[in-house]
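Report on the structure
Chain residues, written in single-letter form:
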Amino acid sequence: RTAPPGIIRAGMATWAAVIALSWAFLEGNASVTPRFDAISSDLQCSGCKFFTKNLRTWVHRKSRPWKKMGNKKREKWVRKSLEKACSKIPDQVCTFKSKGKTEYADFGELMKKGGSHSGLSMSSDIKKELQTVCTELASGYASEIEEGYLSVNKPDKYKVHDDVCVEITGACGAKRGKRVATLSAAPADEDVEDISADLSDLLAKEDL
């Protein structure tokens, strides 16, 4: 006998959910930025801003002769800048609340501004966390960043913050990473329909 369509559909829905969870699990294990992914969305944005600001400082040191540099030299320059981008972490890193959002900050610079700061927290772990987050972004998205800089005739034409912090990671945007492939998506409805039809034909041949 052929299994009732309702049972087949229920089975396929369960199968689709299992596949989606499996992909999500694999995606999590394959993450190039595990520490970055684990922190709050506020700190993701703040950490990403810190990284891209430092990276721009290193890349833009050689902006004038950029046009005269070939792609190989530009690529080498960007790669060296990526290696240096996380080399100058402030001696004292803290987190505090600014306009309702938690941010990383240089404690010394924050104190120079004066005033009171809510949610202030400082420890060696916060500094290590920012160091790790910065390093993960530099290594995890190096190829995308190199590609971005190589596509322009002036370094400032490439909006590295917008690309990394908004488009790629979604850390500072409303949507999560437009340019990152989503592996955890469940099969489309039409795919489930095709699989259900194939399974139905198979079951029809069996003596259930």
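**Thoughts on helix α7 (residues 142-150)**
All buried positions along α7 are accounted for by A142, I145, E146, G148 and Y149. Viewed end-on, α7 has its buried residues packed into an arc of 160°, placing them on one side of the element. Residues of α7 that are buried sit in contact with α3 (41-59), α4 (71-84), α6 (124-140) and α8 (160-168).

**Regarding the pattern of salt bridges**
Within this structure, the stated rule accounts for four salt bridges. Residue R79 pairs with E75 through a salt bridge whose shortest N-O separation is 2.7 Å. Taken together, the residues span about one helical turn, with R79 and E75 both in helix α4 at a distance of four residues. Between R79 and E146 there is a salt bridge, and its shortest N-O distance comes to 3.3 Å. With R79 in helix α4 and E146 in helix α7, this residue pair connects regions lying 67 residues apart in the sequence. For E146, a relative accessible area of 10% corresponds to the buried category. Taken together, the shared-partner salt bridges in this structure form one network comprising E75, R79 and E146.

**Section: the packing of α3 against α8**
Contact geometry for α3 and α8: axes closest at 10 Å, N-to-C directions at 155°. As judged from the angle between their axes, α3 and α8 are roughly antiparallel. α8 is crossed by α3, and the crossing has right-handed handedness. Taking contact as the criterion, the partners of C48, K49, F51, T52, L55 and R56 in α3 are, on α8, V160, H161, V164 and C165. Residue classes in the contact of α3 with α8 are distributed as six nonpolar, two polar and two charged.

**Thoughts on the environment of K88**
Along the chain, K88 turns up in the loop between α4 and β1 (93-98). Distance from K88 to N54, taken between C-alpha atoms, is 8.3 Å for residues 34 residues apart in sequence. Apart from the residues within four sequence positions on either side, K88 is in contact with F50, N54 and W58.

**Considering the confidence of the model for the chain**
For the chain, per-residue confidence averages 77 on the pLDDT scale, and 67% of positions sit at 70 or higher. Below a pLDDT of 50 lies the segment residues 180-208, which in the model reaches 33 contacts outside its immediate sequence neighbourhood of four places, other chains included.

Basis of the calculations
- Residues numbered from 1 in each chain as written.
- Predicted model: local features only at pLDDT ≥ 70, side-chain atom pairs only at ≥ 80, totals over all residues.
- Heavy atoms only, no water.
- Buried < 20%, exposed > 50% of the residue type's maximum accessible area, 1.4 Å probe, protein only.
- Helix = DSSP H or I, 4+ residues; strand = E, 2+ residues; numbered from the N terminus.
- Arc of directions from axis to C-beta.
- Contact = heavy atoms within 4.5 Å.
- Salt bridge = Lys/Arg side-chain N within 4 Å of Asp/Glu carboxyl O.
- Axes fitted to C-alpha atoms, helices over the stretch in contact; angles between N-to-C directions.
- Parallel < 35°, antiparallel > 145°, perpendicular 65-115°, else oblique.
- Left-handed = near helix turned anticlockwise from the far one by under 90°.
- Nonpolar A, V, L, I, M, F, W, Y, C, P; charged D, E, K, R; others polar.
- pLDDT = per-residue confidence, 0-100.

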